[in-house]
Amino acid sequence: TRRSSDLQREALSVRERMSNVLSAISSEGFTDYTSLFTIEEGRRGVVVTLLAILELVKEQLIDLVQAEAFAPIHLKAAGSDVGSPSNEQDNDDV
């Protein structure tokens with residue numbers, strides 16, 4: 001028999017989360033970084049989501065965008081010509 005912790009680990013797959021992140025950003029120009037995390041998943045969910053985002057950046061499938069220091073972080077599809085996530089001038093510096 002399987003323990004509930006085994007089922008929880010399967011539910012938090014990095015590869016699956018990578019697909020979820022790609023789906024979330026493909027339908028919109030910019031996606032707020034924090035919108036990809038859910039409280040119910042706790043720390044494990046944060047870790048899996050962060051690893052998925054980092055892997056997608058490494059594979060050059062998404063870009064992280066931050067208008068200025070301490071500003072919100074947004075994700076967008078790599079190579080998309082979407083403007084800045086804020087009303088400020090286009091600034092893709094991270």
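The structure under discussion appears in the preceding block.
Thresholds applied
Residues numbered from 1 in each chain as written. Predicted model: local features only at pLDDT ≥ 70, side-chain atom pairs only at ≥ 80, totals over all residues. Heavy atoms only, no water. Helix = DSSP H or I, 4+ residues; strand = E, 2+ residues; numbered from the N terminus. Buried < 20%, exposed > 50% of the residue type's maximum accessible area, 1.4 Å probe, protein only. Contact = heavy atoms within 4.5 Å. Areas by Shrake-Rupley, 256 points an atom, 1.4 Å probe, with all protein chains shown as cover. Salt bridge = Lys/Arg side-chain N within 4 Å of Asp/Glu carboxyl O. Pairing = 2+ DSSP bridges. Polar contact = N/O pair within 3.5 Å; in protein donor to acceptor, adjacent residues only side chain to side chain. Axes fitted to C-alpha atoms, helices over the stretch in contact; angles between N-to-C directions.

**So, the overall build of the chain**
1) Next: Across its full length, the chain carries 3 helices and 3 strands.
2) Next: Put simply, the chain runs from its N terminus to its C terminus through helices and strands in the order α-α-β-α-β-β.
3) Next: Out of the 94 residues belonging to the chain, those deemed buried represent 24%.
4) Next: Taking contacts inside the chain between residues at least 6 apart in sequence as the whole, the part at least 24 apart equals 54%.
5) Next: Accessible area for the chain stands at about 6,500 Å²; split by element, carbon and sulfur atoms hold 52% of it.

**A look at the pattern of salt bridges**
1) Next: Across all of its chains, the model carries 2 salt bridges by this definition.
2) Next: Salt-bridge contacts for Glu59 lead to Arg15; the nearest nitrogen and oxygen are separated by 3.7 Å. Linking Glu59 in the loop between helix H3 (42-58) and strand E2 (62-66) with Arg15 in helix H2 (residues 14-26), this pair joins segments that are 44 residues apart in sequence.
3) Next: In this structure, Glu41 and Arg17 form a salt bridge, with 2.9 Å as the shortest nitrogen-oxygen distance. Linking Glu41 in the loop between strand E1 (31-32) and H3 with Arg17 in helix H2, this pair joins segments that are 24 residues apart in sequence.
4) Next: By relative accessible area, which is 24% here, Glu41 ends up partly exposed.

**With respect to the pairing of strand E3 (residues 73-77)**
1) Next: Sheet topology note: the E1/E3 ladder contains 2 bridges and is antiparallel. Along E3, the bridge assignment pairs Thr31 with Leu75.
2) Next: Here E2 runs beside E3; their pairing, made up of 5 bridges, is antiparallel. Along E3, the bridge assignment pairs Val65 with His74.
3) Next: From the end of E2 to the start of E3, which pair antiparallel, there are 6 residues, and Phe70 there has a positive phi angle of about 70°.

**Considerations on the side chain of Arg17**
1) Next: For Arg17, a relative accessible area of 9% puts it in the buried group.
2) Next: Here Thr49 takes part through its side chain, which lies 2.6 Å from a polar atom of the side chain of Arg17.

**A few points about the side chain of Gln66**
1) Next: Within the secondary structure layout, Gln66 lies in strand E2.
2) Next: Within the structure, Gln66 has its side chain in polar contact with the backbone oxygen of Ala71 (distance 2.7 Å).

**Comments concerning the sheet that holds E1**
1) Next: Taken in spatial order, the 3 strands make up an open sheet running E1-E3-E2, and their pairing is antiparallel. Only two strands of the sheet have a single neighbouring strand rather than two, namely E1 and E2.
2) Next: Contacts from H3 reach E2 and E3, with the element oriented near 110° to E2.

In short, shape yes, function no, at least from these values alone.
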